[in-house]
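Structural overview for review
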Amino acid sequence: MSGSNPSLLPHERARPLTKGSTYPAKELCSQCGLCDSRWVAYVRNACAFLNQQFDGMEARVHGRSRDLNNEDELYFGVQQRMLTARLKAPLAGAQWTGIVSRLGVRALETGLVDAVLCVQQSEHDRFTPVPVLARTPEQVLAARVNKPTLSPNLEVLEQLPGSGIKRLLAIGVGCQIQALRAVEATLPLEQLYVLGLPCVDNVSRDGLQTFLESTVSSPETVVHYEFMQDFRIHFRHSDGREETVPFFGLDTPKLKDVFAPSCLSCFDYTNAGADLVVGYMGATFGRQWITVRNDRGAQLLALVEDELDTAPVSSKGDRRAAVQQGIDAYDKAVRLPMWLARLVGCVVNAVGPKGLEYGRFSIDSHFTRNALWLRRHHPKIAERQIPEFARRIVARYRLPAL
Ligand SMILES: Cc1cc2nc3c(=O)[nH]c(=O)nc-3n(C[C@H](O)[C@H](O)[C@H](O)COP(=O)(O)OP(=O)(O)OC[C@H]3O[C@@H](n4cnc5c(N)ncnc54)[C@H](O)[C@@H]3O)c2cc1C
């Protein structure tokens, strides 16, 4: 992979790669795309699954690491501000109201950046991701809506040298952003802004097919889906029809093997290295949830703030008993009949956690599941891979025996 001139940096010495020739994280690889660029030269240090480095990354990017004694930072990471919002004029076809796409458009229109790293879709398959360096608002808008599959976003770093792009806005999920932050200093850029998405339970394209086939009435017509704060998955079909399935009605025995091993070993749910994070799970139903981590994040939010209907974050309920019950039910791969799942879903939605408490419910449920999965399947690397903030959260629950 390396040439001979010792005065060049490792990525400058790297020869073009054959896509897929090296993925050192092996089974745990999240296909973030770094290894499909010359920045593969740094993979042993940069890969989120070979070298967890939350403290160093947070300190470098935000000026400090998270305060583990502050519950909001323990759960949601370094922050200046959290709020909930909706675009006053929602963007048709976006995942939620389209704050992310609108921000990308404004970053280009105002000249803040020369390009936006985002994910369009294959012309043959709506769920196959195609990362791009978008240079126009139209190209950013063409990337709206989630492609709920592992996406090789960082492969487009390969296009940076010679592109004239000096200021970049990168949109991405945690594993992509951890690797991007690790190589940031070596990129041919003057300024990098990072707009993060929270992310959990991603799947390969084949895994997505299994999920859709086991969950929804007509998998081939699904154009959009989301796990929402009312404890239901909302599917939208190409004819505009909406279908909902309660979380508690999922075919857990079948789906346990569907999630990518990378996602089962990830604790970067809330995208610790991003400047600004836009998700939904810390907001009440129908609204988006925004975390500003640093001054660059505040600068990004300012691009769209007057287009938003904003509200403070709120929190209601107590998640803890529901999380503990969920740990045991998941481990035993309990599958409820659909009538009972709908009933449980209604009750939990009526009395269950809301706002930030819903966000904590989801984090607790996933961190405990992932810690158990790692300790069972990868005991040698488990303790290295679980960061201190996740360890503290997991320790609040009783886990099944290994
Ligand atoms: C795989 C995945 C899982 C998620 N899980 C959660 C969650 O559990 N909790 C939560 O609060 N939020 C989650 N999100 C974020 C949430 O679903 C919305 O994407 C976010 O709120 C932005 O909505 P929007 O309408 O503003 O986005 P839009 O304006 O529709 O823009 C969507 C953006 O997502 C990017 N994108 C699409 N697919 C991918 C991908 N596979 N990898 C990287 N970037 C991609 C596109 O480039 C586009 O810019 C997840 C997102 C993804 C991609």
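Just so it is clear, the model here is predicted, and its values are computed rather than measured.

A few words on the sheet that holds strand β11 (residues 308–312). Reading across from one edge, β3-β2-β4-β5-β9-β10-β1-β11 is the order of the eight strands in this open sheet, with mixed pairing throughout. Looking at the sheet topology across the chains shown, the edges are occupied by β3 (129–134) and β11. Across this sheet, the average inter-strand angle for adjacent strands is 25 degrees, counted without regard to direction. Here strand β2 (residues 115–121) pairs with β3 via six bridges, running antiparallel. Bridge pairing in β3 links Gln121 to Pro129. Strands in contact with helix α11 (residues 295–302) are β1 (81–87), β4 (167–172), β5 (191–196), β9 (276–279), β10 (288–292) and β11; relative to β5, the strand with the most contacts, it is inclined by about 70 degrees.

The next thing to look at is empty space enclosed by the protein. Using a probe with the size of a water molecule, rolled over the atoms, empty space left in the structure can be pinpointed. If you walk through the whole model with that rule in mind, you get three cavities of 30 Å³ or more. Empty space within the largest cavity amounts to approximately 140 Å³. Per-class residue counts for the lining of the largest cavity are 14 nonpolar, three polar and no charged. In terms of lining residues, the second largest cavity is bounded by Arg66, Leu74, Tyr75, Phe267, Asp268, Tyr269, Thr270, Asn271, Ala272, Ile363, Phe367 and Phe389. Listing elements by their share of the lining of the second largest cavity, those giving two or more residues are α4 (71–76) and α14 (356–377).

Attention now moves to a nonpolar patch on the surface. Nonpolar side chains collect at one region of the surface, where Trp339, Leu343, Val347 and Val351 lie side by side and expose about 460 Å² of accessible area between them. Checked against the element boundaries, Trp339 lands in helix α13 (residues 338–351). Taking the relative accessible area as the measure of exposure, Trp339 reaches 62% and is therefore exposed.

Basis of the calculations
Residues numbered from 1 in each chain as written. Predicted model: local features only at pLDDT ≥ 70, side-chain atom pairs only at ≥ 80, totals over all residues. Heavy atoms only, no water. Pairing = 2+ DSSP bridges. Helix = DSSP H or I, 4+ residues; strand = E, 2+ residues; numbered from the N terminus. Axes fitted to C-alpha atoms, helices over the stretch in contact; angles between N-to-C directions. Contact = heavy atoms within 4.5 Å. 1 Å grid on protein atoms, 1.4 Å probe; cavity = no way out; pocket = protein on both sides within 12 Å on 5 of 7 lines; lining within 4 Å. Points joined across faces, edges and corners; volume = space filled by probe spheres on them. Nonpolar A, V, L, I, M, F, W, Y, C, P; charged D, E, K, R; others polar. Patch = residues over 30% accessible without salt bridge, like charges linked within 9 Å, V, L, I, M, F, W, Y side chains within 5 Å. Areas by Shrake-Rupley, 256 points an atom, 1.4 Å probe, with all protein chains shown as cover. Salt bridge = Lys/Arg side-chain N within 4 Å of Asp/Glu carboxyl O. Buried < 20%, exposed > 50% of the residue type's maximum accessible area, 1.4 Å probe, protein only.

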